[in-house]
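Coordinate inspection notes
Below, each chain spelled out in residue letters.
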Amino acid sequence: MQAESDRRVAIVTGAGNGLGKAYAIALARRGVRVVVNDLGSEAEAVAEEIGRFGGEAFAARCSVTDEQAVPAMVADAIGRWGRIDVLINNAGILRSRGFARTELADFKALVDVNLIGAAVCSHAVWEQMRAQGHGRILMTTSEGALYPTPGAAGYAAAKLGLVGLMNSLSAEGAKLSAVSTNGTDLRL
Ligand SMILES: NC(=O)c1ccc[n+]([C@@H]2O[C@H](COP(=O)([O-])OP(=O)(O)OC[C@H]3O[C@@H](n4cnc5c(N)ncnc54)[C@H](O)[C@@H]3O)[C@@H](O)[C@H]2O)c1
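Below is a summary of the structure that appears in this document. Here the structure is a predicted model, which means the values were calculated and not measured. (Residues numbered from 1 in each chain as written. Predicted model: local features only at pLDDT ≥ 70, side-chain atom pairs only at ≥ 80, totals over all residues. Heavy atoms only, no water.)

Of the two faces of strand 3 (residues 57-61), the one lined by F58 and A60 is fully buried and the one lined by A57, A59 and R61 carries no buried residue. Both strand 2 (residues 33-38) and strand 3 contribute to a ladder of five bridges, which runs parallel. Bridge pairing in strand 3 places V35 opposite F58. What joins strand 2 to strand 3 is helix 2 (residues 42-52), and the crossover it makes is right-handed. (Buried < 20%, exposed > 50% of the residue type's maximum accessible area, 1.4 Å probe, protein only. Helix = DSSP H or I, 4+ residues; strand = E, 2+ residues; numbered from the N terminus. Pairing = 2+ DSSP bridges. Right-handed = clockwise from strand over helix to strand, strands pointing away.)

In structure tokens, the structure reads:
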């Protein structure tokens, strides 16, 4: 039987609806403790649903772009469960409109939530994962980034930016993990 301290912990952003909700429930059904992040009360609803089938979860209502609330969410999870094994950067928004009619504020909002939000959340778990010597961060990009469709410039820019973020963190994480196995701290 698995010890309580061995149970994995995952943060799923935008987990109040859609794919994020499905990830959160699927993880909880496998015994993973889940932080259900979303903007509003749907986060509590999903955490309660998980509780009803005997899973463990808590709701963390905040925007993934909030540089104070996100580290607080991570600290709360570590305080309760002592570890962060998985971060699924799932929260995203899509606004379809031709480029000429796109307000720059909307373009920035797309980049802010889809790309910067993933960076804020990844940054908040990075030190914990480094200290643990392991961790997994998943990015949610889109076919719209590689095979663009008209009317989604901000979305495509943000989602392709995520690929760059992912590749860079992957290289850095691999280096850190090589370092931790031979005991030398070569923190970048
Ligand atoms: N559904 C698809 O076909 C599809 C295809 C490609 C990529 N994606 C990507 O998958 C992810 C999930 O898609 P979905 O269809 O389940 O979307 P959805 O709209 O059903 O769910 C997204 C969730 O993210 C939350 N959210 C939005 N902004 C947030 C913020 N600032 N902070 C925290 N939460 C926030 C929303 O409240 C919502 O609950 C998105 O990143 C989306 O771009 C989806």
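With that settled, the discussion passes to helix 1 (residues 18-29). The end-to-end C-alpha distance of helix 1, which contains 12 residues, comes to 17 Å, matching closely the 16 Å that a straight helix rising 1.5 Å per residue would cover. All of the buried residues along helix 1 are G20, A24, I25, L27 and A28. Burial along helix 1 is one-sided: seen end-on, the buried residues are contained in an arc of 165°. Among the exposed residues of helix 1, those oriented more than 90 degrees off its buried face are G18, L19 and R29. The elements touched by buried residues of helix 1 are strand 1 (9-12), strand 2, helix 2 and strand 4 (86-89). G31 sits one or two residues past helix 1 and shows a positive phi near 90°. (Expected span 1.5 Å × (residues − 1). Arc of directions from axis to C-beta. Contact = heavy atoms within 4.5 Å.)

Our focus in this paragraph is the packing of aromatic side chains. For any pair of aromatic rings, geometry is given as the distance between the ring centres together with the angle between the planes. Evaluated as defined, the whole model comprises two aromatic pairs. With a centroid separation of 5.4 Å and an interplanar angle of 55°, the aromatic rings of F58 and W81 are classed as tilted. Separated by 23 residues along the polypeptide, F58 in strand 3 and W81 in helix 3 (residues 69-81) bring together distant segments of the chain. By relative accessible area, which is 6% here, F58 ends up buried. Ring plane angle 65° and centroid distance 6.3 Å describe the contact between F99 and F107, whose orientation is recorded as edge-to-face. The side chain of R29 reaches across the aromatic face of F53, ending 4.0 Å from its centre. A cation over a ring is seen here: R80 above F58, with NZ or CZ 3.8 Å from the ring centre. (Phe/Tyr/Trp six-rings, centres within 6.5 Å; stacked < 30°, edge-to-face > 60°. Lys NZ or Arg CZ within 6 Å of the ring centre and 35° of its normal.)

So, on to the nonpolar core. Counting residues in each nonpolar core, the largest one holds 21 residues, and the members touching the most others are I11, V35, V70, M73, I84 and V125. Elements represented by at least two residues in this core include exactly strand 1, strand 3, helix 3 and helix 4 (104-132). For this core, the element with the highest residue contribution is helix 4, accounting for six residues. With 16 residues, the next largest nonpolar core counts V34, V46, V86 and I88 among its residues. (Core = buried A, V, L, I, M, F, W, Y, C linked by side-chain atoms within 4.5 Å.)

On to the site of the ligand, then. With respect to spatial proximity, 22 residues lie near the ligand, and among them N17, L19, D38, N90 and Y155 are the closest. The separation between an oxygen atom of the ligand and a polar side-chain atom of N17 is 2.8 Å. D38 places a side-chain nitrogen or oxygen 2.6 Å from an oxygen atom of the ligand. Elements that contribute at least two residues to the shell around the ligand include exactly helix 1, strand 2 and helix 6 (153-181). When its residues are assigned to classes, the shell around the ligand shows eight nonpolar, 10 polar and four charged. (Near = heavy atom within 4 Å. Polar contact = N/O pair within 3.5 Å; in protein donor to acceptor, adjacent residues only side chain to side chain. Nonpolar A, V, L, I, M, F, W, Y, C, P; charged D, E, K, R; others polar.)

Let us now look at the side chain of Q128. Relative to the elements of secondary structure, Q128 occurs in helix 4. Overall, the relative accessible area of 18% leaves Q128 in the buried class. Those residues in contact with Q128 that lie beyond four places of it in its chain are I78, G82, R83 and I84.

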